[in-house]
Amino acid sequence: MGKKKILLTSEEFDALKEKAAKAEEYYDRLLRLQADFDNFKKRLEKEKIEFIKFANEEIIIEILRVLDDFERAVEAGKKKHDFEILYKGVEMIWNDMKDFLEKKGLKEIDAKGKPFNPHEHEAMMQEENTEHPENHVIEEFQKGYTLNGRVIRPSRVKVSKQPQQPQAQEQEQEQQNTEEHNQKEGQNG
């Protein structure tokens with residue numbers, strides 16, 4: 001099979017040439033846009049890496065201030081051998097650190113006496129207790145915290161449960177005795 005010849009009018013030929021030139025122009029634009037986009041992605045990735053690298057700089061500077069305060073408190077305690085001065089210094093530093101962290105969005109989870117919430121609390125144990133409502137936190141072993149509203153560490157807690165009623169215990173014992181009796185009957189029969 002040979003090549004087929006198609007006859008075009010000069011207007012059709014000119015229109016076809018014009019469309020081919022436009023297609024080539026669009027293709028060149030597409031290649032430039034793709035290259036620009038690739039460069040943009042590379043620049044964005046580099047900026048992201050830089051941001052992550054130095055995102056904690058402000059926090060580290062604040063912690064260094066607290067570290068300096070600790071150093072001064074320890075030096076004062078060494079020189080004067082006064083527990084009261086050392087205690088007050090550490091207490092001031094603790095308060096400064098708490099204030100700083102609160103400004104950054106850290107908040108303690110209020111747990112004791114509250115209903116158990118599995119999203120904020122981690123139950124370490126349960127205890128029968130008539131003084132507190134069932135499923136309420138009766139002791140906090142470790143404080144929990146949220147950062148800007150998101151739990152970053154749940155509170156570790158002890159949760160109350162109501163003691164079993166004596167009647168329920170009697171019913172359980174009676175049921176157990178019946179089951180044991182039935183088993184013996186089955187073996188003897």
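None of these values were measured; they are calculated from a predicted model. (Residues numbered from 1 in each chain as written. Predicted model: local features only at pLDDT ≥ 70, side-chain atom pairs only at ≥ 80, totals over all residues. Heavy atoms only, no water.)

### Topic: the sheet that holds strand 3 (residues 137–142)
- In spatial order, the strands read 2-6-3; together these three strands make up an open sheet with mixed pairing. Two strands lie at the open edges of the sheet, namely strand 2 (121–128) and strand 3, each paired on one side alone. Averaged over all pairs of adjacent strands, the angle between strand axes in this sheet comes to 25°, irrespective of strand direction. (Pairing = 2+ DSSP bridges. Helix = DSSP H or I, 4+ residues; strand = E, 2+ residues; numbered from the N terminus. Axes fitted to C-alpha atoms, helices over the stretch in contact; angles between N-to-C directions.)

### Describing the confidence of the model for the protein
- Averaged over all residues, the pLDDT of the protein equals 87, while 90% of them reach at least 70.
- Mean pLDDT across the secondary structure elements of the protein bottoms out at helix 4 (residues 166–188), with 67, and peaks at strand 4 (residues 145–147), with 95. (pLDDT = per-residue confidence, 0-100.)

### Some thoughts on the pattern of salt bridges
- Within this structure, the stated rule accounts for eleven salt bridges.
- One salt bridge connects Arg65 with Asp69, and the closest N-O pair in it is separated by 3.8 Å. You can see Arg65 and its partner Asp69 sitting in helix 2 (residues 57–80), four residues apart, about one turn around the helix.
- With a relative accessible area of 36%, Arg65 lands in the partly exposed category.
- Judged by relative accessible area, Asp69 falls into the buried class, the value being 17%.
- The partner of Lys158 in a salt bridge is Glu127, and the shortest N-O contact between them spans 3.1 Å. With Lys158 in strand 6 (residues 155–161) and Glu127 in strand 2, this pair connects stretches of sequence that are 31 residues apart.
- For Lys158, a relative accessible area of 10% translates into the label buried.
- Glu127 sits in the partly exposed class, given a relative accessible area of 30%. (Salt bridge = Lys/Arg side-chain N within 4 Å of Asp/Glu carboxyl O. Buried < 20%, exposed > 50% of the residue type's maximum accessible area, 1.4 Å probe, protein only.)

### Section: the sheet that holds strand 1 (residues 106–108)
- Spatially, the three strands line up as an open sheet ordered 1-4-5, and their pairing is antiparallel. Strands with a single pairing partner mark the edges of an open sheet, and in this sheet they are strand 1 and strand 5 (150–153). Averaged over all pairs of adjacent strands, the angle between strand axes in this sheet comes to 35°, irrespective of strand direction.
- In this sheet, strand 4 lies alongside strand 1 in antiparallel orientation, the contact comprising three bridges. Note on strand 4: the bridge partner recorded for Glu108 is Tyr145.

### Observations concerning unusual backbone geometry
- Here Asn135, not a glycine, exhibits a phi torsion of approximately 65°, which is positive.
- Take Asn135: it is sitting in the loop between strand 2 and strand 3.
- Backbone geometry at Asn148 places phi at a positive 50°, although glycine is not the residue there.
- As for its position among the elements, Asn148 is in the loop between strand 4 and strand 5.
- Given the relative accessible area of 63%, Asn148 is considered exposed.

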